[in-house]
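What the coordinates show
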Amino acid sequence: FLFLRPDYQTMGKTLMEYSGKKASFYTLGCKLNFSETSSIARRFEELGFERVEFTENADTVVINSCSVTAEGDKKTRNIIRQAVRKNPGALIIVTGCYAQLQPETIQKIDGVDLIIGSSEKQNITDYLGNLSKKEQTEIHIHKPKEIRNYFHAYSYGDRTRSFLKVQDGCDYYCTYCTIPFARGRSRNDSIANTVAEAREIVAKGTREIILTGVNIGDFGKSTGEEFIDLLRELDKIEELHRIRISSVEPNLLTDEIIEFAAQSERIMPHFHLPLQSGSNEVLALMKRKYKREVFESRVAKIKKELPHAFIGVDVIAGTNGETDDFFRDSYRFIADLEVSQLHAFPYSERPGTKALEIVPVVPVDERKHRTQRLITLSDRKTEYFYKQHIGTVREVLFEEQKDKKSILGFTDNYIRVETNFQEGMENQIIKVKLENILPDGHVLGSVIEAPFDKLRERNAE
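Now for a quick tour of the structure. It should be emphasised that the depicted structure is a prediction, and the values quoted were computed from it without experimental measurement. (Residues numbered from 1 in each chain as written. Predicted model: local features only at pLDDT ≥ 70, side-chain atom pairs only at ≥ 80, totals over all residues. Heavy atoms only, no water.)

Quick notes on the overall build of the protein chain
Secondary structure assignment for the protein chain yields 13 helices and 17 strands. Scaling as 2.2 N^0.38, a compact globule of 461 residues should have a C-alpha radius of gyration of about 23 Å, and the protein chain matches this with 23 Å. Principal axes of the C-alpha set define a box for the protein chain whose edges measure 65 × 60 × 45 Å. The burial tally for the protein chain puts 56% of its 461 residues in the buried class. Look at the contacts in the protein chain between residues 6 or more apart in sequence, and 73% of them connect residues 24 or more apart. In the structure as shown, the protein chain presents an accessible area of about 20,400 Å², 48% of it carried by carbon and sulfur atoms. (Helix = DSSP H or I, 4+ residues; strand = E, 2+ residues; numbered from the N terminus. Rg over C-alpha atoms; globule rule 2.2 N^0.38 Å. Buried < 20%, exposed > 50% of the residue type's maximum accessible area, 1.4 Å probe, protein only. Contact = heavy atoms within 4.5 Å. Areas by Shrake-Rupley, 256 points an atom, 1.4 Å probe, with all protein chains shown as cover.)

What follows is the structure, encoded as structure tokens:
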């Protein structure tokens with residue numbers, strides 16, 4: 001790779017004037033990427049850029065890439081080519097995990113000007129210069145062991161909810177995963193600074209914060225703090241109505257965290273746990289930090305403390321070494337778990353990972369077949385979870401209109417609810433009776449609180 005640093009006398013440090021210039025952004029992959037793109041976009045706006053839709057003409061285009069799967073790689077390349085065709089004279093910038101891992105591949109795509117690695121993502125505006133096209137693609141990448149800085153980020157624009165980044169990087173080095181190479185070692189900012197960011201978000205009128213990161217249960221490793229202590233401090237923000245915890249490794253989801261969530265009015269009964277496989281043999285091949293019995297105990301603990309909790313689960317189908325017997329064992333284990341939804345996807349070979357040394361290799365068609373079986377199982381589990389709550393009353397944070405007559409939102413335990421639209425419902429938390437499951441999978445709800453104007457006053461307090 002070519003390792004470069006910006007010429008600060010000719011680039012960002014000159015604080016060039018970009019008023020009247022337009023910038024568009026495209027995000028692929030995880031919610032962490034969305035939070036970072038949003039923060040990057042705000043920096044552009046601070047310099048005078050007008051943010052426009054990706055489909056519009058722009059003076060510069062930033063693509064925040066994903067490389068979790070081969071499909072993510074392919075989609076990133078397609079989006080880059082689409083951006084170049086739409087804006088042939090624009091400064092095209094590619095950042096994110098794919099940029100960090102495969103800069104030489106991106107460099108071969110005509111029209112790309114800048115490839116920015118993970119360590120420089122927060123400094124993209126330092127490389128803009130006069131927005132002129134480059135004679136050859138510039139690559140600004142640091143090696144994974146040199147990625148030490150922490151990029152503060154949160155999403156903003158949807159005033160209902162915000163994804164707050166609380167952690168980055170990973171120290172686990174699972175055999176199938178490239179994230180440690182793309183994002184570096186686990187790190188975070190202090191609790192005090194993270195809480196200050198949360199207060200900044202809430203001051204903008206946001207009702208719900210989703211804590212995101214690569215391995216958020218590992219929070220505190222670089223500051224000598226703990227994730228449970230972060231939760232305790234966030235829980236003290238009186239103006240914050242809802243906190244959701246995104247994916248937490250089962251070995252890091254302690255009884256203390258679950259019990260605290262159960263007694264908190266702000267932490268939602270909603271968990272997402274990466275299982276990856278229900279076979280202990282496959283978990284060992286993956287170099288995961290737990291056995292399935294640990295995962296099973298975490299699900300049982302959640303259901304004991306929070307019987308109505310929604311539990312989402314990540315599962316990889318057809319990883320190298322997953323024999324037919326191992327898959328059947330995994331499927332039976334997952335089928336018996338009291339979880340609400342599966343995020344199932346087929347294994348994808350990642351260059352440089354240890355999984356490539358594992359045999360047998362599962363044929364691609366069989367990976368897709370196993371994935372589909374898990375998706376079908378997931379649909380049954382979600383429907384069962386929803387049916388358990390029909391006839392109950394839950395609080396729904398309404399987010400957006402589906403059309404002129406209806407509006408959508410989520411209950412505290414992550415049931416997607418649709419009801420008749422009334423003016424002023426957006427960004428309001430309203431008690432709703434869950435009536436029945438609609439053909440599109442949403443749950444039809446009826447508002448039971450009235451008068452509506454008093455409800456708005458209560459939520460505004």
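From this point, the discussion proceeds with the structure in view.
Examining helix H11 (residues 324–336)
Spanning 13 residues, H11 covers 19 Å between terminal C-alpha atoms, matching the ideal 18 Å at 1.5 Å per step. Where H11 is buried, its residues meet strand S10 (270–276), helix H10 (292–305), strand S11 (310–317), strand S12 (341–346) and helix H12 (364–389). (Expected span 1.5 Å × (residues − 1).)

Re the packing of helix H7 (residues 227–234) against helix H8 (residues 255–263)
Two numbers describe how H7 lies on H8: the axes approach to 10 Å, and their chain directions differ by 15°. One element, H7, and the other, H8, form an angle in the roughly parallel class. Both H7 and H8 take part in a crossing whose hand is left-handed. Here Phe 227, Ile 228, Leu 231 and Arg 232 of H7 come into contact with H8, specifically with Glu 256, Ile 257 and Phe 260. The residue inventory of the contact of H7 with H8, partitioned by class, reads five nonpolar, no polar and two charged. (Axes fitted to C-alpha atoms, helices over the stretch in contact; angles between N-to-C directions. Parallel < 35°, antiparallel > 145°, perpendicular 65-115°, else oblique. Left-handed = near helix turned anticlockwise from the far one by under 90°. Nonpolar A, V, L, I, M, F, W, Y, C, P; charged D, E, K, R; others polar.)

Here we look at the pairing of strand S15 (residues 416–420)
Here S15 lies mainly inside the structure; four of its five residues are buried. Strand direction decides the pairing type here: strand S14 (residues 406–411) and S15, joined by five bridges, are antiparallel. The residue of S15 that forms the bridge with Phe 410 is Arg 416. As paired elements, S15 and strand S17 (residues 443–447) share two bridges and run parallel to each other. Looking across to S17, one finds that Val 417 is bridged to Val 443. (Pairing = 2+ DSSP bridges.)

Examining the pattern of salt bridges
A pair can form between side chains of opposite charge whenever their charged atoms are brought close. Under the criterion given, the structure shown has 36 salt bridges. Residue Lys 402 is joined to Glu 418 by a salt bridge in which the shortest nitrogen-to-oxygen separation is 3.1 Å. One end of the pair, Lys 402, is in the loop between strand S13 (393–401) and S14; the other, Glu 418, is in strand S15, with 16 residues separating them in the sequence. On the accessibility criterion, Lys 402 (40% relative accessible area) is partly exposed. Each of Arg 161, Glu 208, Arg 242, Arg 244, Glu 399, Glu 400 and Arg 416 takes part in salt bridges that share partners, so that together they form one network. (Salt bridge = Lys/Arg side-chain N within 4 Å of Asp/Glu carboxyl O.)

Observations regarding the environment of Val 361
Checked against the element boundaries, Val 361 lands in the loop between S12 and H12. As a C-alpha pair, Val 361 and Phe 49 span 312 residues in sequence and 49 Å in three-dimensional space. Look past the residues within four positions of Val 361 in its chain and what remains in contact with it is Asn 320, Glu 349 and Arg 367.

Quick look at the packing of aromatic side chains
Evaluation of the coordinates by the stated rule reveals nine aromatic pairs. Arranged with centres 4.8 Å apart and planes meeting at 20°, the rings of Tyr 18 and Phe 49 form a pair that is stacked. You can see Tyr 18 sitting in the segment before strand S1 (22–27) and its partner Phe 49 sitting in the loop between helix H1 (31–46) and strand S2 (50–52), a full 31 residues away along the chain. On the basis of relative accessibility, which here comes to 5%, the residue Phe 49 falls in the buried class. Aromatic pair Phe 310 and Phe 385: ring centres 5.4 Å apart, planes at 85°, arrangement edge-to-face. (Phe/Tyr/Trp six-rings, centres within 6.5 Å; stacked < 30°, edge-to-face > 60°.)

Section: the sheet that holds strand S8 (residues 208–212)
What the three strands build is an open sheet, ordered S7-S8-S9; its pairing is parallel. In this open sheet, the two strands that pair with only one neighbour each are strand S7 (161–165) and strand S9 (242–245). The sheet shows a mean angle of 25° between the axes of neighbouring strands, taken without regard to direction. Bridge count for S8 against S9 is four bridges, and the pairing is parallel. Looking across to S9, one finds that Ile 210 is bridged to Arg 244.

Description of the state of the cysteines
Disulfides are covalent bonds that link the sulfur atoms of two cysteine residues. If you walk through the whole model with that rule in mind, you get zero disulfides. Cysteine Cys 170 shares no disulfide, and the gap to the nearest cysteine sulfur, in Cys 174, comes to 6.4 Å. Given the relative accessible area of 11%, Cys 170 is considered buried. (Disulfide = S-S within 2.5 Å.)

Thoughts on the nonpolar core
Core analysis: the biggest nonpolar cluster contains 67 residues, and Leu 211, Phe 227 and Leu 374 have the highest contact counts within it. Contacts of Leu 374, omitting those with residues within four sequence positions, involve Val 315, Ala 317, Phe 327, Tyr 331, Ile 334, Leu 342 and Ala 344. In terms of nonpolar packing, the next biggest core, distinct from the first, is built from 22 residues, Leu 28, Val 84, Tyr 98 and Ile 139 among them. (Core = buried A, V, L, I, M, F, W, Y, C linked by side-chain atoms within 4.5 Å.)

Some points on the environment of Leu 28
For Leu 28, the position within the fold is in the loop between S1 and H1. Leu 28 sits in the buried class, given a relative accessible area of 5%. Taking the C-alpha atoms as reference, Leu 28 lies 35 Å from Glu 305; in sequence the two are 277 residues apart.

Some points on the packing of H11 against H12
Running from N to C, H11 and H12 point in directions that differ by 10°, and their axes come no closer than 11 Å. Between H11 and H12, the crossing angle belongs to the class labelled roughly parallel. Residues Asp 324, Phe 327, Tyr 331, Ile 334 and Ala 335 of H11 lie in contact with H12, whose contacting residues are Glu 366, Arg 370, Arg 373, Leu 374, Leu 377, Arg 380 and Lys 381. Along the lines of polarity and charge, the residues of the contact of H11 with H12 split into six nonpolar, no polar and six charged.

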